[in-house]
Amino acid sequence: MENRTANDLLRKVRKIEIRTRALSHQIFAGEYHSAFKGRGMAFSEVREYQYGDDVRNMDWNVTARLRAPYVKVFEEERELTVMLLVDVSRSGLFGTRSQSKSDMVAEIAAVLSFSAILNNDKVGAIFFTDKVEMFIPPKKGRTHLLRIIRELVEFRPESQGTDIGAALQYFTNVMKKRCTAFLMSDMLDVKEDGTPRFEDALKVAAGRHDLSVISITDPAEKAIPSVGLVNVRDAESGRSAWVNTSSAKVRRAYSKWFEDVRGKAREIYLRYKVDETEISTDQDYVKGLMNFFQKR
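These remarks concern the structure in this document. These figures come from a predicted structure and were not determined experimentally.

### Quick look at the overall build of the chain
At step 1: When helices and strands are tallied, the chain shows nine helices and 10 strands.
At step 2: Looking at the chain as a whole, 44% of its 296 residues are labelled buried.
At step 3: Pairs at least 24 apart in sequence give 75% of the contacts found in the chain among residues at least 6 apart.
At step 4: Surface summary for the chain: the accessible area is close to 16,100 Å², and the carbon and sulfur share equals 49%.

### What about the packing of helix α3 (residues 101-118) against helix α4 (residues 142-154)?
At step 1: Where α3 meets α4, the axes come as close as 10 Å, and the angle between the chain directions of the two elements is 175°. By the angle class used here, α3 and α4 are roughly antiparallel. Facing α3, whose interface residues are A106, A109, A110, S113, F114 and I117, α4 presents L145, I148, I149 and L152.
At step 2: Partitioned by chemical class, the residues of the contact of α3 with α4 number nine nonpolar, one polar and no charged.

### What to know about the sheet that holds strand β7 (residues 210-217)
At step 1: Read from one edge of the open sheet, six strands run β5-β4-β3-β6-β7-β10, paired in mixed fashion. Where the open sheet ends on each side, the last strands, each with one partner, are β5 (132-139) and β10 (275-280). Each adjacent strand pair in this sheet contributes to an overall mean axis angle of 15°, direction not counted.

### A closer look at the pairing of β7
At step 1: Burial analysis of β7 places eight of its eight residues in the buried class, which makes it a mostly covered element.
At step 2: Residues of β7 alternate between two faces, with D210, S212, I214 and I216 on one and L211, V213, S215 and T217 on the opposite face, all of them buried.
At step 3: The pairing of β7 with β10 spans six bridges and is classified as parallel. Bridged to T217 within β10 is S280.

### A closer look at helix α9 (residues 285-295)
At step 1: Of all the positions in α9, only Y285, V286, G288, L289, M290, F292 and F293 are classed as buried.
At step 2: At the N-terminal end of α9, a side-chain oxygen is found 3.0 Å from the backbone nitrogen of V286, two or three residues along, and the residue is D284.

### Topic: the pattern of salt bridges
At step 1: Applying the stated criterion across every chain yields a total of 11 salt bridges.
At step 2: E278 is the salt-bridge partner of R262, the closest N and O atoms lying 3.8 Å from each other. You can see R262 sitting in helix α8 (residues 248-271) and its partner E278 sitting in strand β10, a full 16 residues away along the chain.
At step 3: Residue class for R262 comes out buried when judged on its relative accessible area of 3%.
At step 4: One network of salt bridges, in which partners are shared, links R262, R266, E276 and E278.

### Some points on the side chain of D59
At step 1: Relative to the helices and strands, D59 is located in the loop between β1 (41-48) and α2 (60-66).
At step 2: K72 is the oppositely charged side chain nearest to the buried, salt-bridge-free D59, at an N-O distance of 4.7 Å.
At step 3: Of the polar contacts made by the side chain of D59, one reaches the backbone nitrogen of N61; its length is 3.3 Å.
At step 4: Residues contacting D59, with those up to four places away along its chain left out, are V46, Y70, V71 and K72.

### A short note on the packing of aromatic side chains
Pairs of aromatic rings are described using the distance from one ring centre to the other and the angle between the two planes.
At step 1: Inspection of the entire model under this criterion finds five aromatic pairs.
At step 2: Between F127 and F155, the ring centres sit 5.4 Å apart and the planes meet at 65°, which makes this aromatic pair edge-to-face. On the criterion of sequence distance, the pair formed by F127 in strand β4 (residues 122-128) and F155 in the loop between α4 and α5 (164-174) is long-range, its members being 28 residues apart. One exposure class covers both F127 and F155, and it is buried.
At step 3: Between F135 and Y170, the aromatic rings sit 5.9 Å apart at their centres with planes inclined by 70°, giving edge-to-face as the arrangement. Note that F135 is positioned in strand β5 and Y170 in helix α5, a separation of 35 residues in sequence.
At step 4: Among the residues examined, F135 registers a relative accessible area of 25% and is labelled partly exposed.
At step 5: Among the aromatic residues, ring-to-ring pairing joins Y254, W257 and F258 into one connected group.

### Let's talk about the nonpolar core
At step 1: With 32 residues, the main nonpolar core has L84, I108, M184 and I214 as its most contacted residues.
At step 2: Those elements that place two or more of their residues in this core are β3 (81-87), α3, β4, β5, α4, β6 (180-185), β7 and α9.
At step 3: Residue contributions to this core peak at eight residues, all from α3.
At step 4: Excluding anything up to four places from it in sequence, L84 contacts A109, L112, S113, V123, G124, A125, I126, I148, F182 and M184.

Reading the values: the criteria
- Residues numbered from 1 in each chain as written.
- Predicted model: local features only at pLDDT ≥ 70, side-chain atom pairs only at ≥ 80, totals over all residues.
- Heavy atoms only, no water.
- Helix = DSSP H or I, 4+ residues; strand = E, 2+ residues; numbered from the N terminus.
- Buried < 20%, exposed > 50% of the residue type's maximum accessible area, 1.4 Å probe, protein only.
- Contact = heavy atoms within 4.5 Å.
- Areas by Shrake-Rupley, 256 points an atom, 1.4 Å probe, with all protein chains shown as cover.
- Axes fitted to C-alpha atoms, helices over the stretch in contact; angles between N-to-C directions.
- Parallel < 35°, antiparallel > 145°, perpendicular 65-115°, else oblique.
- Nonpolar A, V, L, I, M, F, W, Y, C, P; charged D, E, K, R; others polar.
- Pairing = 2+ DSSP bridges.
- Polar contact = N/O pair within 3.5 Å; in protein donor to acceptor, adjacent residues only side chain to side chain.
- Salt bridge = Lys/Arg side-chain N within 4 Å of Asp/Glu carboxyl O.
- Lys, Arg positive; Asp, Glu negative; His and termini not counted.
- Phe/Tyr/Trp six-rings, centres within 6.5 Å; stacked < 30°, edge-to-face > 60°.
- Core = buried A, V, L, I, M, F, W, Y, C linked by side-chain atoms within 4.5 Å.

Functional significance is not addressed by these values, which are geometric in nature.
In structure tokens:
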């Protein structure tokens, strides 16, 4: 039984590797490179001052020694550190189409990881629920990449809830140098009035890092289908309730609540200049990621 489970896991990891590696080579490598090129500046050389140079880059030591104005020249750093912040809470198991939200997250994370490796970047990951479940420090190389993919496929969290703010705070504390980060979650971590609970933590993280949000949704989360009286259970809290989905009023109220939640989250992303894209489980994530890259 254990061997069969291990073999199933290896086949699933291999399948994701083959598909996402091909996509990264054929489609995403160039787009990723253009969208997430190095933001930092590294010192390159000193040269004599030329008209139009920024006086803030003057090298006063060399200027004094040579008795002529010299400036420091900087080049853009191409190498990045990429961090994947992955929501592994129980709500990720939900999916009414060909795959669950967690399956889609695994593939998207793998594509981003392969694209980063092709760009000679380091990749790390933070898996979180209502607490940080695992931290994988950023490294380079295929072996490290396959470890991340394997963990994405087989990881079983201790908790079931979601606390995006706690994950962002941990990320900000552990990553001191500026990096590129992708937060992958359904982003349904809200107060009773539908306001996101993670605003303060997102503000700090976005101020220190190049943070993007990839929101994973399912069609049934946006609009409840009319299937009569059903018992709905919250996968994270365990609470359940009977809902009359045949009622148009009930369906409209839920759809309005969902759109209000999404709208409030997008206001926060705009406020703190965080790029966001929404990808549904009934869509081809390839198109969604391409559009996301091209918008940057």
